[in-house]
Amino acid sequence: KEPGGSLVSLLLKNALVVDPSQDLEEKAAILVEAGRVARIGRIAARKSWDVIDLPGCIACPGLIDMHVHLREPGREDKETVSSGARAAAAGGFSSLMCMPNTDPVNDNEAVTRFVIDRGRRTRAANVHPAGAVTKGQLGKDLAEIGEMVKAGVVAISDDGHPVENDQIMRRALEYSKIFDIPVVDHCENRELAAGGCMNEGATSTRLGLPGMSRLAEEMDVVRDLILSRETGGRVHIAHLSTRESLHWIREAKKQGIAVTCEVTPHHFLISDEKVATYDTNYKMHPPLREQADVEAMREGLADGSIDCIATDHAPHTTLEKDTTFEDAAPGIVGLETAVPLVWTFLVRPGLIGVRRMVELMSVNPDRILRLGRGTLKPGSVADVTVIDPDRAWTVDVQRFKSKSRNSPFDGWELRGRAVLTLVGGRVVHRLPAGR
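Because the structure is a prediction, the values reported are computed rather than measured.

Enquirer: Now, about the overall build of the protein: what can you tell me, with residues and values included?
Expert: From N to C terminus, the protein includes 13 helices and 18 strands. The C-alpha atoms of the protein give a radius of gyration of 21 Å, which matches the 22 Å a tight globule of 435 residues would have. Dimensions along the principal axes, computed over C-alpha positions, put the protein at roughly 65 × 45 × 45 Å. Out of the 435 residues in the protein, the part that is buried amounts to 61%. Expressed as a percentage of contacts within the protein between residues at least 6 apart in sequence, the contacts between residues at least 24 apart total 74%.

Enquirer: Tell me about the sheet that holds strand 8 (residues 126-129), and name the residues and values.
Expert: With parallel pairing, 3 strands are arranged side by side in an open sheet as 6-7-8. One side of each edge strand has no neighbouring strand; the edge strands of this open sheet are strand 6 (63-68) and strand 8. On average, each strand axis in the sheet is inclined to that of its neighbour by 20 degrees, with strand direction left out of account. Bridge count between strand 6 and strand 7 (residues 93-98): 4 bridges; the pairing is parallel. When the sheet's bridge partners are listed, aspartate 65 is paired in strand 7 with leucine 96. Contacts from helix 13 (residues 354-369) reach strand 6 and strand 7 within the one sheet, and its direction differs from that of strand 6 by about 60 degrees.

Enquirer: An account of the pattern of salt bridges is needed here, citing residue identities and associated values.
Expert: Between side chains of opposite charge, pairing is possible as soon as their charged atoms come close. Scanning the entire structure with this criterion turns up 31 salt bridges. Note that arginine 289 and glutamate 217 form a salt bridge whose closest N and O atoms lie 3.8 Å from each other. One end of the pair, arginine 289, is in the loop between helix 9 (265-269) and helix 10 (291-303); the other, glutamate 217, is in helix 7 (residues 215-231), and 72 residues separate them in sequence. For the pair arginine 289 and glutamate 217, one class covers both residues: buried. One salt-bridge network, in which partners are shared between bridges, spans Arg214, Glu218, Arg243, Glu244, Glu290 and Asp293.

Enquirer: I'd like to hear about the nonpolar core, residue by residue, with values.
Expert: In this structure, Ile237, Phe268, Val342, Met357 and Met361 are the most contacted members of the largest nonpolar core, which totals 84 residues. In terms of residue count, the dominant contributor to this core is helix 12 (residues 338-347) (7 residues). Those residues in contact with phenylalanine 268 that sit more than four places away from it in its chain are Val263, Val294, Met297, Arg298, Leu301, Ile309, Val342 and Leu346.

Enquirer: For the sheet that holds strand 14 (residues 259-263), give the residues involved together with the corresponding values.
Expert: An order of 9-10-13-14-15 is seen for the 5 strands of this open sheet, with the pairing classed as parallel. The open sheet has two free edges, formed respectively by strand 9 (156-157) and strand 15 (308-309), since each of these has just one partner strand. Pairing of strand 13 (residues 235-237) with strand 14 involves 3 bridges; the strand directions are parallel. From the neighbouring strand, valine 235 faces strand 14, where its bridge partner is valine 259. In the packing of helix 4 (residues 166-179) onto the sheet, the strands contacted are strand 9, strand 10 (183-185) and strand 13, and the crossing angle to strand 10 comes to about 145 degrees.

Enquirer: Requested: an account of the packing of helix 12 against helix 13, with residues and values cited.
Expert: In contact at an axis separation of 11 Å, helix 12 and helix 13 are set at 140 degrees when each is read in the N-to-C sense. Relative to helix 13, helix 12 is oriented oblique. Considering how the two elements wind past one another, helix 12 and helix 13 form a crossing that is right-handed. Between helix 12 and helix 13, the contacting residues are Ala338, Val339, Val342, Trp343 and Val347 on the first element and Val354, Met357 and Met361 on the second. Taken together, the residues of the contact of helix 12 with helix 13 break down into 8 nonpolar, no polar and no charged.

Enquirer: Go over the packing of aromatic side chains with me, naming the residues and quoting the values.
Expert: Aromatic rings in a pair are described by how distant their centres are and how their planes are angled relative to each other. Summed over all chains, the structure comprises 2 aromatic pairs. With a centroid separation of 5.9 Å and an interplanar angle of 70 degrees, the aromatic rings of phenylalanine 345 and tryptophan 412 are classed as edge-to-face. Highlighted residues: phenylalanine 345 in helix 12 and tryptophan 412 in the loop between strand 16 (384-394) and strand 17 (413-423), separated in sequence by 67 residues. Among the residues examined, tryptophan 412 registers a relative accessible area of 23% and is labelled partly exposed. Through successive ring pairs, a cluster of aromatic residues spans Phe345, Phe409 and Trp412. The positively charged end of arginine 417 is found above the aromatic ring belonging to tryptophan 393, 4.1 Å away from the centroid.

Enquirer: Report on the pairing of strand 14, specifying residues and quantitative values.
Expert: Most of strand 14 sits out of view: 5 of its 5 residues are buried. Burial of the side chains of strand 14 extends over both faces: Val259, Cys261 and Val263 are buried on one face and Thr260 and Glu262 on the other. With helix 8 (residues 243-254) bridging strand 13 and the parallel strand 14, this β-α-β connection has right-handed handedness. Across 2 bridges, the pairing between strand 14 and strand 15 is parallel. Residue pairing across strands places valine 263 opposite isoleucine 309, the latter belonging to strand 15.

Basis of the calculations
Throughout, a residue's number is its position along its own chain's written sequence, starting from 1. Selection of residues for local features in this predicted model requires a pLDDT of at least 70, selection of side-chain atom pairs for listing and counting requires 80 or more, and totals for whole chains, interfaces and linings are taken over all residues. The side-chain figures draw on all heavy atoms in the structure; neither hydrogens nor water molecules are used. In DSSP terms, a helix is any run of H or I states spanning at least four residues, a strand is any run of E spanning at least two, and both are numbered starting from the N terminus. For the radius of gyration, the atom set is restricted to C-alpha positions; the globular benchmark scales as 2.2 Å times the number of residues to the power 0.38. Burial here depends on accessible area, computed with a 1.4 Å probe over protein chains only, as a share of the maximum for the residue type. Under 20% is buried, over 50% is exposed, and the range in between is partly exposed. Throughout, a residue-residue contact means that at least one pair of heavy atoms, one from each residue, lies within 4.5 Å. DSSP-based pairing: two strands are paired if at least 2 bridges between them are found. In this analysis an axis means a line fitted to C-alpha atoms, helices contributing only their contacting stretch, and an angle means the value between N-to-C directions, from 0 to 180 degrees. A pair is scored as a salt bridge if a Lys or Arg side-chain nitrogen falls within 4 Å of a carboxyl oxygen belonging to Asp or Glu. Here the nonpolar core consists of buried residues drawn from Ala, Val, Leu, Ile, Met, Phe, Trp, Tyr and Cys, with membership extended through side-chain atoms lying within 4.5 Å. What sets the label is the angle itself: under 35 degrees gives roughly parallel, over 145 gives roughly antiparallel, 65 to 115 gives roughly perpendicular, and the rest give oblique. Crossings are classed by handedness, with left-handed meaning an anticlockwise turn of the near helix from the far one by less than a right angle and right-handed meaning a clockwise turn. Polar here means any residue outside two lists: the nonpolar Ala, Val, Leu, Ile, Met, Phe, Trp, Tyr, Cys and Pro, and the charged Asp, Glu, Lys and Arg; Gly therefore counts as polar. Whether two aromatic rings pair depends on their centres lying within 6.5 Å, for rings of Phe, Tyr and Trp, where Trp uses its six-membered ring; planes under 30 degrees apart make the pair stacked, over 60 edge-to-face, and the rest tilted. Our definition puts a charge over a ring when NZ of Lys or CZ of Arg is within 6 Å of the ring centre and also within 35 degrees of the ring normal. For a crossover, the right-handed case is the one in which the path from the first strand over the helix to the second runs clockwise, viewed with the strands pointing away from the viewer.

Here is the structure:
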């Protein structure tokens, strides 16, 4: 910063600037002044500016993860808003939306303001809370949606708990339409899930583990699509995992139903066959599915049917994972591995292009949540992510910024990594050369 506390002008030069929001993909410089994008193009540096040379790198609007669990308040042993924001910055995410399944649940104005305040103090990433759909996430009574929206929530969700009552879900969509926010739904019919700990199929039968029917997801997806059609409320399907669910979402979009969806890296990379190792880092909700589902998720990412890539970053302690597969907590951390996984397995093989990656990880989440962050247009807030596509990295969970280490990607050799993250024009993450 300059004397007096104003932000120093910063010039990012020699990067390939990719911004689908303004149909831009060209080698250019980005001038950041007073925390905002001032200009993009051929810009001669001045002595008073800080200059970062980024040859061979890609600069894009700051990445946005719209599905993260930060655990605070209540389970600060797993993660805090501060540690989660630092992990986000290290992974190239300038913004994130955190789920309300904290203790106490974020179902009121007070908890919403607490989370927002914690996020502002960290200054490592923009932290946007989602509020609960129902009080205590118990599925019985709607939470105080209006109060939470006024306090700052950008969506409502009972994620971690499905909204089982159809009338409650209908009313939530009606209320969400008033406030123009999405309802983010964890689609899981508990009766059909039947207490399963992995995907129901040949692998679960062979391993002798109780299976979770794919119908548990698909039935709730179809219900949500019907309710969205009837109410006009926007529904966002969290962590999509089955090819049939994707089929029905495609059909709904053809009809003009206000539905969007996301997929996680683990659901487009790993099949349920990995559960044969009994490594509890392969336990997820929804569970890892069959290889045909994995391929369907990749196809949906490539053809535009899937709107976003989200991590479902779910930190757990070693004790919660170091147990039997049936008893282990479901979920993995993902903020620090998402970019390299997407680059290595989607972009480098040519399944999607760089522009599509930016749409999936910045522009589309911004559009869904109405954040005003997924752009580098002059005058916009300078949230910027810079990726080095050739940076090699062997995942080492012991070096994570997150407080938790539950990842199945430990030891994976990847290419492409976020080397610089700006939030409001401030450098919150910069990776030294060669690391």
